[in-house]
Structures are given as structure tokens and as C-alpha cells.
Amino acid sequence: MEPKFFCYDKSNASNSLDLNASSASCYILSFQDSSGLDETRNSKRLKQLDNFNQYFGNEYHHDCSRDVVYKGSINGSTEEKKCSTRPLFRDHIWAYAQKYMAAAAVEEADGAYDKEEHVIKEEGKEDGMRLVQLLVACAEAVAYRDKRHASTLITDLQADALVFGTSFQRVASCFVQGLSDRLELVQPCGAVGDIGAIPKTIAFSLEKEKALSLVYEICPQIQFGHYVANASILQAFEGESSIHVVDLGMTLGLRHGYQWRSLIFNFAIRAGRRCRLRITGVGNCADRLLVIGDELGEYAQNLGVKFEFAVVESNLENLRREDLKILHDEVLVINSILELHCAVKESRGALNSVLQMLNDLTPRAFILVEQESSHNGPFFLGRFMEALYYYSAIFDSLDAMLPKYDTRRSKMEQFYFGEEIKNIVSCEGPARVERHERLDQWRRRMGRAGFEPAPVKMLTQARQWLESVQACEGYTISEEKGCLVLGWKSKPIVAASCWKCS
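Residues numbered from 1 in each chain as written. Predicted model: local features only at pLDDT ≥ 70, side-chain atom pairs only at ≥ 80, totals over all residues. Heavy atoms only, no water.

### Considerations on unusual backbone geometry
As a reminder of what qualifies: Strands here are runs of E lasting at least two residues and helices are runs of H or I lasting at least four, both read from the DSSP assignment and numbered beginning at the N terminus. Residue exposure (1.4 Å probe, protein chains only): buried if accessible area is under 20% of the type maximum, exposed if over 50%, otherwise partly exposed.
In this model, Leu-338 sits at a positive phi of 55°, which is unusual for a non-glycine residue. Here Leu-338 is to be found in the loop between strand S6 (331-337) and helix H11 (349-360). With a relative accessible area of 6%, Leu-338 lands in the buried category. The residue Thr-362 is not glycine, and still its phi comes out positive at about 50°. Locating Thr-362 in the fold gives a position in the loop between H11 and strand S7 (365-371). The exposure class of Thr-362 is exposed, given its relative accessible area of 57%.

Here it is in C-alpha cells:
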């Protein structure tokens, strides 16, 4: 029998506004269905296609079936080089442009607006397209180490990418800051070597702490991960009396240990004093984790649950089996919420070693919750476009949840999501820790380390949970090959999966 899961802590401070607003990341428009406007919109669509052709170059062509010669101009000089059989960055941009035009055509059939609204939206659409083109051109200039051209484009972008503008203007402002930071350490054209590490600390600041708490309270991403993880843990520990949870990262150091308060609450209902629960938190901020442990200990004592808490101050790469002090009579589960991607490096060996060490512990279950996007590709331009598409969806969701000038939204965007964006865009080497990967890649990694999938069969319950937390309309939960995926409209945001030893 599948155990019931009680959601103990439900925090949501979002106010749903303008739920029918179109996604600012796509710049979708609707037009009046009249013959006069038909000619206007057709001419404008042709004009937009001409703009894209002018930007990409009509002479450009890429045949994916063979190597071709790509001609490009860098600082006035023409350079020829062979392209690989993989699609080039400009292929991705052209595909993005085609999707954009298709979305606009579909939206035109949805309804009619008066002429004034049509003109306003048309102007906003053109501004958005110009911003996209500037961002792409700037990313290419930075990639080509053309500091002079990139600096000029950044100046133009800073005037258009407003922190309190549309959702795309706001997300663009974060990418502009990332490009600016990257440009500071870019070597000039012809120099040997790549950009260095951005000399910025990633320590937990007060601003980040507040932003993380707001993301937990307002956005469903972290709460979704906690819900799926705790429900999976309860299933894995059915009938057991001694339980040990190893928490990698303790959910980014989120204060108060919300995930484990919910689990302790459910243990008190189901097992009471018969169950002993141990939690070992792994992270770099031992003092912070100890405070969380003290709070959890007091909470468990009030509910009559036998509870122990320990801290291992270490990053994942240096974590050793003996640090965790596994007892022979306890059942083990490993929990990782938005943490394991930080162990992904350019070399596959780092993460493989971590996963193999964890597999040697023979856990009953390994719960993995990660961002569902590909921000760890080998080429900067590809990562840039992936991140732009991903975070545009997130900023669009924030647009639907909070008013335009709400300071909570600006804090989340600048100090949480914005910090992720800047790390993806501006950093390389060990400094780049936001190396998000998709489920398919995690399946390959987990399989190589000796894990096999343990399907998460709670789609109906998860959708009921999403309704219970009153998440903004537009969030969805779907099942993909035994995993649950939280998305915003058609864009996957976070994926939760469960694994067991082969």
C-alpha cells in the first residue's frame, strides 16, 4: 500500500495577477482578424524574416550531413574554418527565430484586440526582437574576443535591459551583467589562453539567504523537490525502525530545515516513538547546518521522535565513506536537492568518483532533484542560448505571480536566479558551478555509477499537491520515464528522480 504523505509546511506568498498574459520570453501577439490587418501583419512578418536574414546572412547555409566551410568576419578580417557535423550556433538562432514566428502566427488566431492595443503590443514586440538580436550579437562578440564591439553592444543593452521592465528585459539585464563580467577577463583577439576565473566569492550572503527563502515561499520548484523526496523516503522506509538520511547540501543551506520538518512530522504520525531518525548534513558551512540541526532536534523532541543530527563539513569531491558513519542496523537513503550538478566538472572523473562512492554505501534509495536544462555544454554560445531560453521561462512565471514593482521579485531575480545566470555566462573552470544537465544525461551518469531507476509513481498525488499549494496557473507536473517534471507552460523547469543500487 502506498503511504499517505502529509505536507506539513506550506508557504506561499504569491499573488496571482494577469494569468492570461502572454509569455514575455516569446513576445507573442494577437491581431484583429480583418483583411486590412492581414496585409499589415503579413508584411510585418516578412519584414521580421528579412531582419533575421540580414542578421544571419542570406549566403549562410549549413549542411549537417557533411563538413562545410563557414565564412565569418572578425575585426574586419575574413576567416574560413571547417564546421563540424553538429549544428552550429547560428542554426540554433535560426531555429529560435522560426519558433518565434510560428508562435506569433498561432497567437494571431486566438482573439481580437482594438487598434490601440495592437500598436502598443507591436512596439513591444519589435523592442523585444531588437533586444534578442543585441544579446545574441554581444554573446558572439564576447565568444570571438572582440572586446571593442562587445563593449559597444553592452552599452546599448544596458540602456534597454531594465531591472523593472518586462520579464525579458529583466532576464536580459542579468545576462548583460554576466557578459560584462566575462568580457573583463577575456583575452584580446590573437592572444593565447581562455578567460580566467571570475574573482568573486560564492559564500552565502545575507542577500542570497533572503532570496533563497523567498524562492522557497513563492515559487514551487524547491517545495516540489521536497514533496517528491519525502514521499519517496516514506515509501523506502516502510516498516523500518532505524533510518539514516544523508542530505547533500541541505537544500543550498535553506534555513530552518523545512524539508526535514515535514518528514519528522510524518514520522511522528506514522511511527511515533518506535522510529529512530538520523540525518547527516553535508556542506561547507558547518555552523549554519548545526543551527538547522538544533532547530530540528527541538522540533522532533516536541513530537516525540527519536532524532540525531550530524554535520560533515566537506564538498562532494572530498566526501569519504567513513565521514558518514553508517551503522549496520540502519537503512540508508541519499537526498540531493539542486546540489549534485555542482560536482560536475569538465572531466567526467570528478562526479563519477562521487557517485561510485555513494553507490558503495548501498542506499535503499537515492533521490535526485535537478534543474531540467543543459547548461554544461562545451561551447559558450550554446550554453548562453540554453540559459536564455530556460531563465526567460522562469522570469515569465515570476511576472505572472507578483506585481511589477514588487521588491520580493527583484530580490529573487537579482540575488538567486540572477546569480545562477551570471555564473553560467561569466565563469569557466572550477568557478563555474551551475552545470545543470537534463534527465537523459543524468540517466547515463547514474547508470555508469551502478544505479538503476526506481520509478516515481505519484503523478496524481503530485498534481493534487500542486493545487494544494495554490501555485500560479501555468505550472504543470508531468511524468517522463518514471520521473516527475515540474514545468512552466511548455518549458520543463525541475526534474525529480529516484534511484536504487543495481
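### Some details on helix H14 (residues 439-448)
Among the residues of H14, Leu-439, Trp-442, Arg-443, Arg-445 and Met-446 are the ones counted as buried. At the exit of H14 stands Gly-450, carrying a positive phi of roughly 100°.

### Let's talk about the packing of aromatic side chains
So the rule is basically this: Whether two aromatic rings pair depends on their centres lying within 6.5 Å, for rings of Phe, Tyr and Trp, where Trp uses its six-membered ring; planes under 30 degrees apart make the pair stacked, over 60 edge-to-face, and the rest tilted. The criterion is that NZ of a Lys, or CZ of an Arg, lies within 6 Å of the ring centre and within 35 degrees of the ring normal, and then a charge sits over that ring.
All chains considered together, the criterion is met by eleven aromatic pairs. Centre to centre, the rings of Tyr-216 and Tyr-258 are 4.6 Å apart; their planes meet at 5°, and the pair counts as stacked. Of this pair, Tyr-216 sits in helix H6 (residues 206-218) while Tyr-258 sits in helix H9 (residues 258-270), placing them 42 residues apart in sequence. Assessed through its relative accessible area of 16%, Tyr-258 is described here as buried. Relative to Trp-488, the ring of Tyr-475 has its centre 5.0 Å away and its plane inclined at 65°; by these criteria the two rings are edge-to-face. A residue pair is termed long-range when its members are at least 10 positions apart, and Tyr-475 in strand S9 (residues 475-480) and Trp-488 in strand S10 (residues 483-488) qualify at 13 residues. Judged by its relative accessible area of 3%, Trp-488 falls in the buried class. An aromatic cluster is present here, built from Phe-175, Phe-380 and Phe-384 joined pairwise through their rings. Positioned above the aromatic ring of Phe-380 is the side chain of Arg-182, whose terminal nitrogen or guanidinium carbon lies 4.0 Å from the ring centre. Lying over the aromatic face of Tyr-299, Arg-261 brings its terminal NZ or CZ to 5.2 Å of the ring centre.

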